[in-house]
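Notes for the structure review
One-letter residues, chain by chain:
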4 protein chains.
Amino acid sequence: MSRQALRLGMVGGGEGAFIGAVHRMAAALDGDWRLVAGAFSTDEGRNTRTGEALGLAPQRVYASLQAMTAGEAALPEDQRIDAVAIVTPNHLHAPMAIAALNAGFHVFCEKPMAMSVVEAEAIAAAAKASRRLFALAFTYSGYPLVEEGRARVAHGDFGAIRLVQVEYLQGWLSLPIDSEGNKQAEWRTDPARAGLGGCLGDIGTHAFQLAEHVSGLRVEAVSAELTTHVAGRRLDDDVSALLRLSGGARGVLKASQVAAGEENGLRLRIHGERGGLEWAQMEPNTLILRWLDRPAEIVRAGGPGLQDSTTALLRTPSGHPEGYIEAFANLYRSLAAAIRGEGNGWYPCVTDGLRTMRFIEAVIANAALDQKWTLVDSGETE
Amino acid sequence: MSRQALRLGMVGGGEGAFIGAVHRMAAALDGDWRLVAGAFSTDEGRNTRTGEALGLAPQRVYASLQAMTAGEAALPEDQRIDAVAIVTPNHLHAPMAIAALNAGFHVFCEKPMAMSVVEAEAIAAAAKASRRLFALAFTYSGYPLVEEGRARVAHGDFGAIRLVQVEYLQGWLSLPIDSEGNKQAEWRTDPARAGLGGCLGDIGTHAFQLAEHVSGLRVEAVSAELTTHVAGRRLDDDVSALLRLSGGARGVLKASQVAAGEENGLRLRIHGERGGLEWAQMEPNTLILRWLDRPAEIVRAGGPGLQDSTTALLRTPSGHPEGYIEAFANLYRSLAAAIRGEGNGWYPCVTDGLRTMRFIEAVIANAALDQKWTLVDSGETE
Amino acid sequence: MSRQALRLGMVGGGEGAFIGAVHRMAAALDGDWRLVAGAFSTDEGRNTRTGEALGLAPQRVYASLQAMTAGEAALPEDQRIDAVAIVTPNHLHAPMAIAALNAGFHVFCEKPMAMSVVEAEAIAAAAKASRRLFALAFTYSGYPLVEEGRARVAHGDFGAIRLVQVEYLQGWLSLPIDSEGNKQAEWRTDPARAGLGGCLGDIGTHAFQLAEHVSGLRVEAVSAELTTHVAGRRLDDDVSALLRLSGGARGVLKASQVAAGEENGLRLRIHGERGGLEWAQMEPNTLILRWLDRPAEIVRAGGPGLQDSTTALLRTPSGHPEGYIEAFANLYRSLAAAIRGEGNGWYPCVTDGLRTMRFIEAVIANAALDQKWTLVDSGETE
Amino acid sequence: MSRQALRLGMVGGGEGAFIGAVHRMAAALDGDWRLVAGAFSTDEGRNTRTGEALGLAPQRVYASLQAMTAGEAALPEDQRIDAVAIVTPNHLHAPMAIAALNAGFHVFCEKPMAMSVVEAEAIAAAAKASRRLFALAFTYSGYPLVEEGRARVAHGDFGAIRLVQVEYLQGWLSLPIDSEGNKQAEWRTDPARAGLGGCLGDIGTHAFQLAEHVSGLRVEAVSAELTTHVAGRRLDDDVSALLRLSGGARGVLKASQVAAGEENGLRLRIHGERGGLEWAQMEPNTLILRWLDRPAEIVRAGGPGLQDSTTALLRTPSGHPEGYIEAFANLYRSLAAAIRGEGNGWYPCVTDGLRTMRFIEAVIANAALDQKWTLVDSGETE
């Protein structure tokens, strides 16, 4: 809660789009943000209708990002937007993020960060030069019990980590709906708009980011297979990868969009010398901790035994489920706090984005080879 | 989403209060409502601080409900509040709801509706006379899969209903925290502020309303026991009741606030001639359907097989959990639609409130007797 | 395991009967017992065929219990049976148990113990006079984690017990199969063979015995409703009861055979001042412990943290599920140990049977009254 | 159940050994087998004590397998053993199986079949030449709902299979107990007794066999990593493998014995074009079926909707859990039926054993290479 909500402009997210609406709800939830401007669609009618439905002043519904950054920059500082939410298809993330940053606005961008490591590095450079903040929608790391897991690993509760298993199973691309008019499916399987990876870029990145974030380890090398199960599809719809992580841990990453009947099955398991954890996105308010020498524990959002950094992410007492929108809202809240120079809430940023892009490139390179392992660039020479 | 958000004023819910913050998030989520006024606390400093933190204009932070209704009525129609959210302790529900209705504002009131059937009837009369809407925060009936269950029963999927089992288990009053300074516990166990029932009024009412709402049946008679397990507590902290429902169904209602280790365990099971359902609030995106002649089904929020009336309550695709705040927001959204004369979304209203008050009175009467059954007044003579 | 298996004779349990086969598997599992004689059916052909299928010597397949006790008594002591397993319909339990005890044999009898308290007391007297052991098939109390729960309560882990909730839900009598030729259903709903209670006697007794066994408390008074949902059925198919237990605990017992779609849902929850437990028969290798001040624990059969008395009931390491037959076998093993004068394994005996019969009579008496509470005879005057 | 139990001799399984006792219970459960002879230990005292405890005639407790085959062959046909159960460490499987087969006895052997493909082929040849049956203890394929899953896949319920995910997680080797006197751990990590694979041979083989058995597909190529996480351990304690299966399916196999806190977590998921299945050994009486176009189903052992081949493996009505010993007993029962020339129950045999040994060898070869894929010998040239 705070005195004056920050002002948000949005690019993309016209009526009918899924993720734009989620960003708007997440931004609204805690009263930290107020949507005041948008360039929702290149279709003028759709753009106008979306702005109206959202109660925006007509003059702040712009035809393009450029128009928005120009128009907003011309407004008094206490009226103009503070940040731009970018919820377009992937190929527009980098040019738009760079433009917004250069125009002096903070950015909250959908994932994946960009189409390539090179593009991602250009965003990083723009953020640095503009001294503006760049947040990335790795939503799942906004769940309170993900933070609990991360903190437990970091505190050494499980000893040195040996195993990391992450999976992300969806079934919605089991049929060739991308060639039958489903818009969500269409652009996600189009290399020109989605990037080099299909399932890999869309959900494999979430799995990778979650695994590194919670384990505190870096994936150093991958051995991967990309498969396209549905005939005619232009990008992979299924990823399997063996991982070598820092400190000698071993991992498996599995992501699929043709796991028929699965919904949004992101699930992480980590085991160390003395115990381990299990978290599943579809029941996000439960974190199972397993131990070598005592019964497993059911840690619950809002229940006893939580770290302070977890409690800070909760809005309701235990047993009142918080979900996906709340996790998303945690990222918006942390970004708002960072913009205001308050608090120290974490949000996924340039670093997470770059790691993920390097992972994508390593997987794609490896999948084309008969060589078992491909190193994931550590980025440390930069 | 809609052109212009409705304007909300709030009574109660000063900083530190739990349920006021939930109302604000629920109202904000879909952009249907905007909080513009409040009388958050009788403590002037607290009132002012809350208003500031929420970004309200200082002149719309009022010292009392009376001041708010007067001040708002004096504003132009397109600025004044449309509705009042009442989030005070129970004994203030009726006087405040009646005052707000009489002043021409719609009301969204916390449960239980009132301190007695007589008070509840006075609210009903005020709503009728003022032609204003009265919504009641039986939040759990706002969950999408509760609607799915209700619709399935109503469509006769299970045949005639035979069994209704509802339970609501919490453990937070296991220790005498009400006499040790916990404010939430203090007023809830004070007959002057909570009413005649402790656990009965606080959570037993939720269980009762959910059971009647989903089963479509009426509880005709109760045989009940109220217990106070914690020494010195002034109201019951534990309720058990046998139910006789319309159509010959038999039920059990169990609510407790001394079930140590339980969180917010509201759970409903209904069985008919051919099958039944099970829903638990702590995993609200799953509804189990059981059948006599085929395997049980796991119906999922956003998954295949849902009624349209269920889908209308969802914001995200399957596997993206929606929780308590979203359920709450569904009630605010339905009330907004009703005020605008749009749609036909359901929300708990005067009828639900009256039923619940009659149930409370029947339970309290029965618990004091050695007679097995007490009829629940059908209210049909009114 | 032991030198020489004890020898078992069986009454009832001819081909096609369910529970007889279970007794035979349970007795065979650990090598403690060997089935050597039987009077399986009054139908001569069926009797003979059953004996043959079981590999019994033809001369030890008897026409009746009387023939068996006479025939076996005539054999040398190191050949004759040690005990009789009684797996007939309920009305034969008492006369057969008394006859077998009087003839000098130990007895393992199906539940319920008898048709009335009077009959049960006659069995008790016969056991005492004959100095033979009488075990009763309250199978569910043979599960290892039931023992774990019992021991935890007894050790005071949860503090004084406040709540006991037990339920037993089946759906197999949802249709009028008792009047359509289903033999299992037929005798269970026939007062002449089943006794005064239908669902009450068949499964309500299991629920009652489990609740008292694990809680260590006595049900002092009941307020109950018996319902027959299926038209034409001669006994209750549904039981609901409020319980007052010793020490001020409050309980609910729910048993139904018309909960369509339910299988064999026996489930017990107990809460005390500081925590509680939950156990469900259909996933018997998990015991959930809940705590007021720390996360819930998942206690697992074979896992860390078990009492010695629990470990003694396990055959396999953790994660290798043991089930219903193993629980049953634990009772046979304990009876064998008792007969041999070894060990101190617990098994349900005359005491449990008498308690249960008194409970049945109290429920039936109460259900016919408009008085709320009926005392359950403590039996202490005996 | 049958007229005359078959007679079993056992090699290995002296007092204190885990798996020998399981074999004895499994063989005893249905009355199909009777243990009459054994060579339980090379330690004479232990051998004698075990025989006594099991109630065997002293002259049938032999000093060695050779002594047993000779001694039994000298008995009249209607007294001598029918089969030998081999429950020794791995390195003795092949020589003992071959000796027993050559001596004219059927064999029920623990897994893995042998130390190498060459040894396994020698067993196969001996079985063929002797015309005796050879069963292998891939116990998990004896669970009823594993059969249900297999049948569903075979019937094409899910369409062509795309994904196979199998995992087997244990934690019991997280500490270096193999160098601290734990006998079970000691031989399993000793290459001379366990074979070339540690975790791979002990539990990876179970995972592999289950995946091929249920999917009906063949693993054609593997890309694998073997890891030894515990310092000083001589064999792998962790396996990860990507699988290419016949028909274009893709798979992941994960097995670990250092997943601290895990018990015996064998879990299989298979997805095809239209749906998929999930089965977990630790809750073996539930099989989840997921569908693209309708809610997931919970198929239950004993419940509605089962194949006849599943029902044939069940002993109790739905809701009465059957576990590991019952699954094991199903294999013994099928072998008995095959020996008697009755029925057509399936049991794992030479074919399963050879497939598994070829998988082990392919994984070990691949793990040592920097080449991504290694073919698994199809054995078709034989």
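Residues numbered from 1 in each chain as written. Chains lettered and ligands numbered in written order. Predicted model: local features only at pLDDT ≥ 70, side-chain atom pairs only at ≥ 80, totals over all residues. Heavy atoms only, no water.

Right, let's talk about the pattern of salt bridges for a bit. When charged atoms on two side chains of opposite charge get close, those side chains can pair. Counted by the stated rule, this structure contains 121 salt bridges over all chains. For glutamate 297 of chain B, the salt bridge is made with arginine 294 of chain B, and the minimal N-O distance between the two is 4.0 Å. Its relative accessible area of 14% is what places glutamate 297 of chain B among the buried residues. Here aspartate 293 of chain D makes a salt bridge to arginine 294 of chain D, at a shortest N to O gap of 3.8 Å. Each of Glu167, Arg267, Glu278 and Arg290 of chain A together with Glu262 and Arg269 of chain D takes part in salt bridges that share partners, so that together they form one network. (Salt bridge = Lys/Arg side-chain N within 4 Å of Asp/Glu carboxyl O. Buried < 20%, exposed > 50% of the residue type's maximum accessible area, 1.4 Å probe, protein only.)

A separate point is the interface of chain B and chain A. Size of an interface, as often reported, equals the accessible area lost when the parts are brought together. The interface of chain B with chain A comprises 36 residues on the first partner and 36 residues on the second. Summed over both partners, the interface of chain B with chain A buries about 3,000 Å², with 59% contributed by carbon and sulfur atoms. Looking at the side of chain B facing chain A, the largest losses of area belong to Met25, Glu263 and Pro321 of chain B, adding up to 18% of the total buried there. Our count for the chain B to chain A interface comes out at three salt bridges. The interface formed by chain B and chain A holds 10 residue pairs in polar contact (both at pLDDT 80 or more) in total. Of all the secondary structure elements, the ones that give two or more residues to the side of chain B that touches chain A are helix 1 (18-29), helix 2 (44-53) and helix 11 (324-339) of chain B. (Contact = heavy atoms within 4.5 Å. Buried area = accessible area lost by both parts, 1.4 Å probe. Polar contact = N/O pair within 3.5 Å; in protein donor to acceptor, adjacent residues only side chain to side chain. Helix = DSSP H or I, 4+ residues; strand = E, 2+ residues; numbered from the N terminus.)

Once that is clear, we can look at the relation of the copies chain C and chain B. When chain C is fitted onto chain B, the two copies agree to an RMSD of 0.0 Å after a turn of 180 degrees and an axial shift of 0.0 Å. Expressed as an axis order, the relation between the two copies is that of a two-fold axis. Within chain C, lysine 372 of chain C has its C-alpha nearest the rotation axis, a separation of 2.1 Å. Take the interface residues of chain C: 100% of them recur as interface residues in chain B, which is what a same-surface contact looks like. (Least-squares fit on C-alpha atoms with pLDDT ≥ 70 in both.)

On to the UniProt feature "domain: Gfo/Idh/MocA-like oxidoreductase N-terminal" (unreviewed entry) in chain A. Within the UniProt annotation, "domain: Gfo/Idh/MocA-like oxidoreductase N-terminal" (unreviewed entry) is assigned to residues 7-135 of chain A. A helix fraction of 43% and a strand fraction of 19% characterise residues 7-135 of chain A, whose end C-alpha atoms lie 16 Å from each other. (UniProt positions renumbered as here; feature names shortened; annotations may be inferred.)

With that out of the way, let us pick up the interface of chain C and chain B. Listed by partner, the interface residues are 47 residues for chain C and 47 residues for chain B. Here chain C and chain B share an interface that buries about 3,600 Å² over both sides, 53% of which is from carbon and sulfur atoms. Contact with chain B buries area across many residues of chain C, yet Arg162, Glu225 and Lys372 of chain C alone supply 18% of it, more than any other trio. Applying the counting criterion to the chain C and chain B interface returns eight salt bridges. In this structure, the salt-bridge partner of glutamate 262 of chain B is arginine 290 of chain C, at a minimum N-O distance of 3.0 Å. At the junction of chain C and chain B, the tally comes to 22 residue pairs in polar contact (both at pLDDT 80 or more). Elements with a contribution of two residues or more to the side of chain C that touches chain B: strand 6 (161-169), strand 7 (219-227), strand 8 (238-245), strand 9 (250-256), strand 10 (265-272), strand 11 (275-280), strand 12 (286-291) and helix 12 (350-367) of chain C. Broken down by class, the residue content of the side of chain C that touches chain B amounts to 16 nonpolar, 16 polar and 15 charged. (Nonpolar A, V, L, I, M, F, W, Y, C, P; charged D, E, K, R; others polar.)

Here we take up the domain arrangement of chain A. Residue and element names in this part refer to chain A. For chain A, the assigned domains read domain 1 (6-136) and domain 2 (160-272 + 349-367). On a C-alpha basis, the centroid separation for the pair domain 1 and domain 2 is 26 Å. With 18 residues of domain 1 in contact, the opposing surface of domain 2 contributes 18 residues. Around 1,500 Å² of area is buried between domain 1 and domain 2 when both sides are counted, 67% of it from carbon and sulfur atoms. If you sort the residues of domain 1 by the area they bury against domain 2, Lys111, Met115 and Val117 come out on top, with a joint share of 34%. Summed over the shared surface of domain 1 and domain 2, the number is two salt bridges. We note a salt bridge from aspartate 202 to lysine 111, for which the minimum N-O separation is 3.4 Å. The tally of links between domain 1 and domain 2 comes to six residue pairs in polar contact (both at pLDDT 80 or more). Within the residue set of the side of domain 1 that touches domain 2, elements represented by two or more residues are helix 5 (117-130) and strand 5 (134-136). Element by element, the count of residues in the side of domain 1 that touches domain 2 is highest for helix 5, at five residues. Considered class by class, the residues forming the side of domain 1 that touches domain 2 number 13 nonpolar, three polar and two charged. (Domains from an automatic or database assignment.)

We now examine the nonpolar core. Residues Phe134 and Leu253 of chain C together with Phe134 and Leu253 of chain D are the most contacted members of the largest nonpolar core, which totals 217 residues. Apart from residues no more than four positions distant in its own chain, phenylalanine 134 of chain D is found in contact with Ala97, Leu101, Val107, Cys109, Met113, Ile123, Ala127, Tyr347, Pro348, Cys349 and Val350 of chain D. With 215 residues, the next largest nonpolar core counts Tyr168 and Leu200 of chain A together with Val36 and Val222 of chain B among its residues. (Core = buried A, V, L, I, M, F, W, Y, C linked by side-chain atoms within 4.5 Å.)

Looking now at the sheet that holds strand 2 (residues 33-39) of chain C. Residue and element names in this part refer to chain C. The five strands lie next to each other as 2-1-3-4-5, forming an open sheet whose pairing is parallel. Both edges of this open sheet fall to strand 2 and strand 5 (134-136), since each of them pairs with a single strand only. Each strand of the sheet is rotated relative to its neighbour by a mean of 25 degrees, with strand direction disregarded. Strand direction decides the pairing type here: strand 1 (residues 6-12) and strand 3 (residues 83-87), joined by five bridges, are parallel. The residue of strand 3 that forms the bridge with methionine 10 is alanine 85. Each of strand 1, strand 2 and strand 3 is contacted by helix 3 (residues 65-73), which is oriented at about 125 degrees to strand 2, the strand it contacts most. (Pairing = 2+ DSSP bridges. Axes fitted to C-alpha atoms, helices over the stretch in contact; angles between N-to-C directions.)

Residue and element names in this part refer to chain B. With respect to topology, five strands assemble into an open sheet ordered 2-1-3-4-5, the strand pairing being parallel. The open sheet has two free edges, formed respectively by strand 2 (33-39) and strand 5 (134-136), since each of these has just one partner strand. Adjacent strand axes in the sheet meet at a mean angle of 25 degrees, parallel and antiparallel pairs treated alike. One ladder, built from three bridges, connects strand 4 (residues 106-109) with strand 5; its direction is parallel. Considered in strand 5, the bridge of phenylalanine 108 is made with alanine 135. The sheet contacts of helix 11 involve strand 1 (6-12), strand 2, strand 3 (83-87), strand 4 and strand 5, and relative to strand 4 the element is tilted by about 165 degrees.

Disulfide: a covalent bond connecting the sulfur atoms of a pair of cysteines. All chains considered together, the criterion is met by zero disulfides over all chains. Sulfur of cysteine 349 of chain A: no disulfide; nearest cysteine sulfur belongs to cysteine 109 of chain A and is 13 Å away. (Disulfide = S-S within 2.5 Å.)

According to UniProt, the feature "domain: GFO/IDH/MocA-like oxidoreductase" (unreviewed entry) maps to residues 150-278 of chain A in the numbering used here. Helix and strand shares over residues 150-278 of chain A are 25% and 35% respectively, and the end C-alpha atoms of the span are 11 Å apart.

Let's shift gears to the pairing of strand 2 (residues 33-39) of chain A. Residue and element names in this part refer to chain A. Within strand 2, five of the seven residues are buried, leaving the element largely enclosed by the surrounding structure. Bridge count for strand 1 (residues 6-12) against strand 2 is six bridges, and the pairing is parallel. Each residue of the ladder has a partner; that of valine 11, found in strand 2, is alanine 39. A crossover connection joins strand 1 to the parallel strand 2 through helix 1 (residues 18-29); in handedness this β-α-β unit is right-handed. (Right-handed = clockwise from strand over helix to strand, strands pointing away.)

Residues and elements named next belong to chain A. Direction vectors running N to C along helix 1 and helix 11 (residues 324-339) enclose 65 degrees, while the axes themselves pass 8 Å from each other. Here helix 1 is positioned roughly perpendicular relative to helix 11, judged by the angle of their axes. When the axes of helix 1 and helix 11 are compared, the crossing they make is right-handed. Where helix 1 approaches helix 11, its residues Phe18, Ile19, Val22, His23, Met25, Ala26, Ala27 and Leu29 are matched on the opposing element by Tyr324, Ile325, Glu326, Phe328, Ala329 and Tyr332. Among the residues forming the contact of helix 1 with helix 11, the class breakdown is 12 nonpolar, one polar and one charged. (Parallel < 35°, antiparallel > 145°, perpendicular 65-115°, else oblique. Left-handed = near helix turned anticlockwise from the far one by under 90°.)

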